[in-house]
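The residues making up each chain are set out below.
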Amino acid sequence: MELSNTEIKRNEILKQIISKGGLLGRCANLYVNDKSMAHKFILECSEQAHHAMLIDYFGIDLISEIINYSKNFNELAC
């Protein structure tokens with residue numbers, strides 16, 4: 001079974017968040033096998049992406065990926 005671009009991108013983002021560790025990394029790890037919850041988690045991260053703490057924690061590259069995911073896949077029904 002081939003993964004869609006959305007699934008590939010979602011998995012890449014989750015892996016990056018997991019690698020950051022902490023509470024958000026643990027949350028991301030919980031959603032790795034649940035497409036719908038993973039999608040909602042990333043969308044929630046994008047809602048919080050303007051906070052300086054999250055920018056420092058994730059880094060600008062990951063924040064940019066999260067925001068782009070949100071813009072491109074916001075209407076996605078998982």
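Residues numbered from 1 in each chain as written. Predicted model: local features only at pLDDT ≥ 70, side-chain atom pairs only at ≥ 80, totals over all residues. Heavy atoms only, no water.

## Observations regarding the overall build of the chain
Step number 1: The secondary structure content of the chain amounts to five helices and zero strands.
Step number 2: Mapped in sequence order, the helices and strands of the chain form the string α-α-α-α-α.
Step number 3: Scaling as 2.2 N^0.38, a compact globule of 78 residues should have a C-alpha radius of gyration of about 12 Å, and the chain matches this with 12 Å.
Step number 4: C-alpha extents for the chain along the principal axes are approximately 35 × 25 × 15 Å.
Step number 5: Split into buried and exposed, the 78 residues of the chain put 31% on the buried side.
Step number 6: In the chain, the proportion of contacts linking residues at least 24 apart, taken out of those at least 6 apart, comes to 63%.
Step number 7: For the chain, the exposed area adds up to about 5,100 Å²; of that, 53% sits on carbon and sulfur atoms.
Step number 8: Of the charged side chains in the chain, 8 are positive and 10 negative, and the gap between their average positions amounts to 4 Å. (Helix = DSSP H or I, 4+ residues; strand = E, 2+ residues; numbered from the N terminus. Rg over C-alpha atoms; globule rule 2.2 N^0.38 Å. Buried < 20%, exposed > 50% of the residue type's maximum accessible area, 1.4 Å probe, protein only. Contact = heavy atoms within 4.5 Å. Areas by Shrake-Rupley, 256 points an atom, 1.4 Å probe, with all protein chains shown as cover. Lys, Arg positive; Asp, Glu negative; His and termini not counted. Charge placed at Lys NZ, Arg CZ, Asp CG, Glu CD.)

## A look at the packing of helix 1 (residues 5-20) against helix 3 (residues 35-47)
Step number 1: One can describe the packing of helix 1 onto helix 3 by two numbers: an axis separation of 11 Å at closest approach and a directional angle of 65 degrees. In the packing of helix 1 onto helix 3, the handedness of the crossing is left-handed. Between helix 1 and helix 3, the residues in contact are E7, R10, I13, L14 and I17 and K35, A38, H39, F41, I42 and C45, respectively.
Step number 2: A class-by-class count of the residues in the contact of helix 1 with helix 3 yields seven nonpolar, one polar and three charged. (Axes fitted to C-alpha atoms, helices over the stretch in contact; angles between N-to-C directions. Left-handed = near helix turned anticlockwise from the far one by under 90°. Nonpolar A, V, L, I, M, F, W, Y, C, P; charged D, E, K, R; others polar.)

## Things to note about the side chain of E7
Step number 1: Here E7 shows up in helix 1.
Step number 2: Here the side chain of E7 touches S4 through a polar contact of 3.0 Å, landing on its backbone nitrogen.
Step number 3: Side-chain polar atoms of E7 contact the side chain of K35, separated by 2.6 Å. (Polar contact = N/O pair within 3.5 Å; in protein donor to acceptor, adjacent residues only side chain to side chain.)

## Focus: the packing of aromatic side chains
Step number 1: A full pass over the atoms with the stated rule returns three aromatic pairs.
Step number 2: Geometrically, the ring pair formed by Y31 and F41 is tilted, given 5.5 Å between the ring centres and 50 degrees between the ring planes. Of this pair, Y31 sits in helix 2 (residues 22-31) while F41 sits in helix 3, and the two are 10 residues apart along the sequence.
Step number 3: Residue class for Y31 comes out partly exposed when judged on its relative accessible area of 21%.
Step number 4: Here F41 falls in the buried class, since its relative accessible area comes to 10%.
Step number 5: Both rings, one in Y69 and one in F73, keep their centres 5.0 Å apart while their planes meet at 55 degrees; by these two values the pair is tilted. Residue Y69 and its partner F73 are located together in helix 5 (residues 60-73), separated by four residues, close to a single helical turn.
Step number 6: The class for F73 is buried, based on a relative accessible area of 18%. (Phe/Tyr/Trp six-rings, centres within 6.5 Å; stacked < 30°, edge-to-face > 60°.)

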